[in-house]
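Per-entry structural report
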Amino acid sequence: MIQGKQLYEGKAKKVFETDDPELLIVSYKDDATAFNGLKKGTIQGKGVINNKMSNALMRMLEKKGIPTHFVEELSERDTLVRRVKIVPLEVIIRNISAGSFAKHYGVEEGIVFDAPTIEFSYKNDELGDPLLNEYHALALKLATKEEIETIKDYSFRVNEALKEFWLSCGVTLVDFKLEFGRLSDGTIVLADEISPDTCRLWDSKTHEKLDKDRFRRDMGGVEDAYREIMGRMEKQIGED
């Protein structure tokens, strides 16, 4: 696979074209941002961990019937993916109160919900990724009603699969963000990444944070947390 020109550079990844118009190469960076880019820094080794973790979890989800953009891991930082047009609708699934949910609704962190919640936000950096509901998404023509139903179904199925997997690693899946894309034929698939950047992951016994919150909140030990969560995943996958 021949890597072509760079098409895009985001906060955490670069995207390159290939000699196949339906395939792209995603390269993961160590750059870290928070609060819509207001806070910036570097987490050494993050790109390698996020690449490998995301690929392993997407392979697992594919086996459970969730279609993804993943094709092949090319190197520690680079992955071959199917070209998609990203649906500008970020999906947040929450199992436990934390982060902006706790802040917005004035509740403490750590409340376990009777059932997972789902939120949508408009993927638009200039507007600060505002929250919206399904009616807003339809009015803005971000997705069709059928696409939204598919995205919701996949998101809750991803939640159940990831909750079960992380629990086997001694980790509680608090909440996470997903993005979906359309293939050239319109098929909806899971895209972007699944990593400590996009998930809140707490040690099941101590509730120690093993994710990007350590960077957001200046807690220290960021690299150690990323290595710890990666190690647990690799150990569990190895045992499976």
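Because the structure is a prediction, the values reported are computed rather than measured.

1. With respect to helix α1 (residues 46–63)
Taking 1.5 Å of rise per residue, 18 residues should cover 26 Å, and α1 covers 26 Å from first to last C-alpha, within 8% of that figure. For α1, the tally of buried residues reaches 14 of 18 residues, placing the bulk of the element in the interior.

2. Comments concerning the packing of aromatic side chains
The final tally for this structure, using the stated rule, is 4 aromatic pairs. Arranged with centres 5.2 Å apart and planes meeting at 70 degrees, the rings of Phe165 and Trp166 form a pair that is edge-to-face. Here Phe165 falls in the buried class, since its relative accessible area comes to 7%. The cationic tip of Lys39 hangs over the ring face of Phe215; the distance from NZ or CZ to the ring centre is 4.7 Å.

3. Re a nonpolar patch on the surface
Taken together, Tyr105, Val107 and Ile111 make up a surface patch of nonpolar side chains, about 260 Å² in accessible area. Within the secondary structure layout, Ile111 lies in the loop between α2 (99–105) and β10 (112–122). Relative accessible area serves as the criterion here: at 34%, Ile111 is assigned to the partly exposed category.

4. Description of the pairing of strand β4 (residues 31–34)
In this structure, β4 lies alongside strand β5 (residues 39–42), joined through 4 bridges in antiparallel fashion. Bridge pairing in β5 links Ala34 to Lys39. Counted along the chain from β4 to the antiparallel partner β5, the turn is 4 residues long, and its residue Phe35 has a positive phi close to 55 degrees.

Rules used in this analysis
- Per-chain numbering applies: the sequence of each chain, read as written, is numbered from 1 onward.
- Whole-chain, interface and lining totals are the exception, using all residues; otherwise, since this is a predicted model, local features are given only for residues with pLDDT of at least 70 and side-chain atom pairs are given and counted only at 80 or more.
- The side-chain numbers reported here are obtained from all heavy atoms of the structure, hydrogens and water having been left aside.
- Numbered from the N terminus, helices here are DSSP runs of H or I no shorter than four residues, and strands are runs of E no shorter than two.
- What a helix is expected to span follows from its residue count: subtract one and scale by 1.5 Å.
- Here the term buried applies to any residue with accessible area under 20% of the maximum for its type, exposed to any over 50%, and partly exposed to those in between, with areas from a 1.4 Å probe on protein chains only.
- A pair of aromatic rings is counted whenever rings of Phe, Tyr or Trp (Trp by its six-membered ring) have centres within 6.5 Å, and the orientation is called stacked for planes under 30 degrees apart, edge-to-face for over 60 and tilted otherwise.
- Two thresholds decide whether a charge sits over a ring: the Lys NZ or Arg CZ must be within 6 Å of the ring centre and within 35 degrees of the ring normal.
- Patch membership requires more than 30% relative accessible area and the absence of a salt bridge. Residues of like charge join within 9 Å; the nonpolar side chains Val, Leu, Ile, Met, Phe, Trp and Tyr join within 5 Å.
- Methods summary: accessible areas were calculated by the Shrake-Rupley approach with a probe of 1.4 Å, and residue burial reflects only the protein chains presented.
- Definition used for salt bridges: Asp or Glu carboxyl oxygen within 4 Å of a side-chain nitrogen of Lys or Arg.
- A pair of strands is labelled paired if DSSP reports no fewer than 2 bridges between them.

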